[in-house]
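Listed here are the chains, written in short residue letters.
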Amino acid sequence: MAGKPVLHDFNGRSRMESIRWLLAAAGVEFEEKFITCPEDLERLKNDGLLMFQQIPLVEMDGMKLVQSRAILNYIATKYNLYGKDMKERLLIDMYTEGILDLYEIVSRLPRTPPDQIDSKTALIRDRTKNRYFPVFEKVLKSHGQDYLVGNKLSRVDILLVELLYLVEEVDVSLLADFPLLQ
Amino acid sequence: MAGKPVLHYFNGRGRMESIRWLFAAAGVEFEEKFVETPEDFEKLKNDGLLLFQQVPMVEMDGMKLVQSRAILNYIATKYNLYGKDVKERLLIDMYTEGMADLYEMFIQLTVTPPDQIDAKIALIKDRTKNRYLPAFEKVLKSHGQDYLVGNKLSKADILLTELLYTVEEFDASLLASFPLLQALKTRISNLPNVKKFLQPGGQRKPPTTAKMMEEARKLVKP
């Protein structure tokens, strides 16, 4: 009935990137309309398409979806990437939120003022090695399965992989002690 | 089988307050164990109770739940406050994420350096009046129902009410042009469970001051 989802965003990494990953992993083809000048964004706002005057915006199923978590939740549910019951959803949510916390600090690194880069990088290294990666390595070790939750691909596996690539770009050695994550 | 949920956090609002509101509105009694010293916090960590070494943490249904959004989603699902289908859940998520963005600005205010406070306050006022409250007023106006989604109480109504109280404490005049939001706030506040929560002696926490934030920070990093 509907066409492909249409993603409205700047052409680059942003909060839309995780949405692209999820749609891709779900095998859903999508189109992109890039915002390349202030007028593009103004037009979206003036046309009333942005509930909170912000992007990302995803047009799908006849609706204008905003707020990246809401969009990710919807896509994950629609394409069966959100676990089979409440308890699996809880685990997925807990892991996802942890990943997003680290994702937030890593993705902000390029925009960090030069005098803060060293301390921010040190923070990222510390959090990655001592807080976040050990948790997910332990989860995989605890059940020995190929996926984090429910022995089935879910949104959190996809998001974690996206994060691992991001961390690798900062410092590839950070993955060294985590064979199951690799 | 299980006892009451146990909430582990500082004795303040922070990122646990929305969870308290949701439990209260769902009519679920809960206990609280406050983190009051660095040793309290270390103990939680060393006992392996905090998945990412952070609070909030809620013990319920035999599990140690962390990450406030995960906790809120679980409670909302368990107590039927998350809509009836995927489309209602989407609306609830979109609205609550917008609320969380504004709420975050209030949280950040307590750690804003003094020379930036005026600018932050101005920004919050602008966003409240021109971006967020109009969006929610418009939703209520569009269907004329008593609740934001599906003509039924959901976590969106509860979290919006919490946010409206926060806005009111900040600057009551900001609510002036939003009659439907004011009506929702009153309606939700009068639900028996919420009323009890809001009364003196209820588990709702007082507004957070910069001093409280300082003390909380010391507990985490002595």
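None of these values were measured; they are calculated from a predicted model. (Residues numbered from 1 in each chain as written. Chains lettered and ligands numbered in written order. Predicted model: local features only at pLDDT ≥ 70, side-chain atom pairs only at ≥ 80, totals over all residues. Heavy atoms only, no water.)

What follows concerns the domain arrangement of chain A. Note on interface size: it is often stated as the accessible area lost on association of the parts. Residues and elements named next belong to chain A. Split by domain assignment, chain A resolves into domain 1 (6-78) and domain 2 (86-175). One C-alpha centre belongs to domain 1, the other to domain 2, and the line joining them spans 23 Å. Contacts between the two partners involve 12 residues from domain 1, matched on the other side by 12 residues from domain 2. Where domain 1 abuts domain 2, roughly 1000 Å² becomes buried across the two surfaces, and 53% of that area is made up of carbon and sulfur atoms. Three residues stand out in domain 1 for area buried against domain 2, namely R13, W21 and R69, and they jointly supply 47% of the buried area on that side. Applying the counting criterion to the domain 1 and domain 2 interface returns two salt bridges. One salt bridge in this structure joins E104 and R15, with 3.3 Å as the shortest N-O distance. (Domains from an automatic or database assignment. Contact = heavy atoms within 4.5 Å. Buried area = accessible area lost by both parts, 1.4 Å probe. Salt bridge = Lys/Arg side-chain N within 4 Å of Asp/Glu carboxyl O.)

All names here are of chain B. Here E32 lies in strand β2 (residues 31-34). In this structure E32 comes out as buried when scored by relative accessible area, which is 18%. Here the side chain of E32 touches R20 through a polar contact of 2.8 Å, side chain to side chain. Polar side-chain contacts of E32 include one of 2.8 Å to the side chain of K205. (Helix = DSSP H or I, 4+ residues; strand = E, 2+ residues; numbered from the N terminus. Buried < 20%, exposed > 50% of the residue type's maximum accessible area, 1.4 Å probe, protein only. Polar contact = N/O pair within 3.5 Å; in protein donor to acceptor, adjacent residues only side chain to side chain.)

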